[in-house]
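The chain contents come next:
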Amino acid sequence: MSGASPRLSPALNVVVAAVRKAGRRLLRDFGEVEQLQVQSKAPGDFVSEADLRAEKTLREDLGRARPGFAFLLEEAGEQGDKDWEWRWVVDPLDGTTNFLHGIPHWCISVGVEKRLSAERTEMVAGVVYNPVADELFWAEKGMGAFLNDRRIRVSGRRDLHQALFATGIPFAATGHKGEFVQTLARLMPAVSGIRRFGSAALDLAWTAAGRYDGYWELGVNKWDIGAGVVLVKEAGGYVTDPQGGDTHLATGNLVAANTQLHGRLREAVQAGIEAVAARAPARG
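The rules behind the values
Residues numbered from 1 in each chain as written. Predicted model: local features only at pLDDT ≥ 70, side-chain atom pairs only at ≥ 80, totals over all residues. Heavy atoms only, no water. Phe/Tyr/Trp six-rings, centres within 6.5 Å; stacked < 30°, edge-to-face > 60°. Buried < 20%, exposed > 50% of the residue type's maximum accessible area, 1.4 Å probe, protein only. Lys NZ or Arg CZ within 6 Å of the ring centre and 35° of its normal. Helix = DSSP H or I, 4+ residues; strand = E, 2+ residues; numbered from the N terminus. Polar contact = N/O pair within 3.5 Å; in protein donor to acceptor, adjacent residues only side chain to side chain. Contact = heavy atoms within 4.5 Å. Pairing = 2+ DSSP bridges. Axes fitted to C-alpha atoms, helices over the stretch in contact; angles between N-to-C directions.

Engineer: Whenever I open this one, the packing of aromatic side chains confuses me. Can you help?
Structural biologist: Here a ring pair, both rings aromatic, is described through the centre-centre distance and the interplanar angle of the planes. Here the structure, examined in full by the defined rule, presents 9 aromatic pairs. Pairing phenylalanine 197 with tryptophan 206 gives two aromatic rings, centres 6.2 Å apart and planes at 90°, and the pair type is edge-to-face. For the pair tryptophan 206 and tyrosine 212, a centre-to-centre distance of 5.6 Å together with 40° between the ring planes defines the contact as tilted. Pair check on accessibility: tryptophan 206 and tyrosine 212 agree, each one buried. Chaining the aromatic ring pairs together yields one cluster made of Phe30, Phe99 and Trp106. One residue, arginine 115, lies across the ring of tryptophan 84, its end atom 4.2 Å from the ring centre. When the ring centre of tryptophan 206 is taken as reference, the NZ or CZ atom of arginine 211 above it lies at 5.0 Å.

Rendered as structure tokens:
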């Protein structure tokens, strides 16, 4: 896709220009990954000069184009008016560990969040851009989901034993390891395969494009999944928390899949959660 699509709204045209600019710089850094100065944030979680430069580019370009929008940024946190009506939700480099190891599976994710009330917000648009493959996934509420200029839909697969699911393995410093193991034990004998490629945003984008039949993960951040949630919904899929509710953006616990398999994937994830809870010592 060269340039911006005429179907994009003005807001998403701004995002596309910004992510392409940041992507060009990340590609240059990716070609010299061994030169990057890496600083450890936590076991299995790294921040590099590339992250920070990309985030600065996105913050400046998006802020200049929409000065009234607030920000939720992976590295810099919340910025702007606390009573914002619109907010950019930005992950400048999702898949940092892949990036730092020279693995070409990483992306930029930018979502547009709208405040509906004091308690409720909604993701209404999103862009996930993979610069290595020059794949731009984008969606706006009510307008469908696209890969570059091609409309995408979730898969039509119905049989669980033919399904290919994606997930994220919990880091050492995070929780949910027991739930992950329990869910995996339930799914592995029943499905065609499970993949862990290391980028939640791309997992959701690939689910929207029908490459995966579903994706689940517990405890992910809003900037990892905000744009991807819009992609899956606009591609005809379901996104909920493991209980079937709509707390996934707040809790980071989510299940995304096509309409035929979402229920069975969600049930397996919830069963894994309940198995761990049942073994927990009672509090007196």
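Engineer: What exactly am I supposed to notice about the side chain of serine 199 here?
Structural biologist: If you trace the backbone, serine 199 turns up in the loop between strand E12 (193–195) and helix H5 (200–208). Here aspartate 94 takes part through its side chain, which lies 2.8 Å from a polar atom of the side chain of serine 199. Discounting chain neighbours no more than four positions away, the residues touching serine 199 are Asp94, Gly95, His105 and Cys107.

Engineer: Is there a simple way to explain the side chain of threonine 167 in this structure?
Structural biologist: Inspection of the secondary structure puts threonine 167 in strand E11 (residues 164–167). Threonine 167 sits in the buried class, given a relative accessible area of 2%. Of the polar contacts made by the side chain of threonine 167, one reaches the backbone oxygen of tryptophan 216; its length is 2.8 Å. In this view, threonine 167 contacts Phe180, Ile194, Arg195, Arg196, Asp203, Tyr215, Trp216 and Glu217; residues no more than four positions away in its chain are not counted.

Engineer: What should I look at first to understand the sheet that holds E12 in this one?
Structural biologist: To summarise the sheet geometry, strands pair through backbone hydrogen bonds and adopt either a parallel or an antiparallel arrangement. The sheet built from 5 strands is open, its strands ordered E12-E11-E13-E15-E14 with mixed pairing. This sheet does not close on itself; its edge strands, each paired only once, are E12 and strand E14 (238–240). Averaged over all adjacent pairs, the angle separating strand axes in this sheet is 15°, with direction ignored. Alignment of strand E13 (residues 214–217) against strand E15 (residues 254–257), held across 4 bridges, turns out to be antiparallel. For glutamate 217, the partnering residue across the bridge sits in E15 and is leucine 254. Its contacts with the sheet place helix H4 (residues 177–187) against E11, E12 and E13, and it is angled at close to 155° to E13. On the sheet, H5 packs against E11, E13 and E15 and is oriented at approximately 155° with respect to E13.

Engineer: When you look at the pairing of strand E8 (residues 135–140) in this model, what are you seeing that I'm missing?
Structural biologist: It is a general feature of regular strands that their side chains alternate between the two faces of the sheet. For E8, the tally of buried residues reaches 6 of 6 residues, placing the bulk of the element in the interior. Here E8 shows two buried faces, one formed by Glu135, Phe137 and Ala139 and the other by Leu136, Trp138 and Glu140. Note that strand E7 (residues 121–130) and E8 share 6 bridges and pair antiparallel. Bridge pairing in E8 places valine 128 opposite phenylalanine 137. Hairpin connection of E7 to E8: 4 residues between the antiparallel strands, including aspartate 134 at a positive phi of 55°. Both E8 and strand E9 (residues 144–147) contribute to a ladder of 4 bridges, which runs antiparallel. When the bridges of E9 are listed, glutamate 140 appears paired with glycine 144. The turn joining E8 and E9, which pair antiparallel and follow one another in sequence, is formed by 3 residues; a positive phi near 80° is taken by glycine 142.

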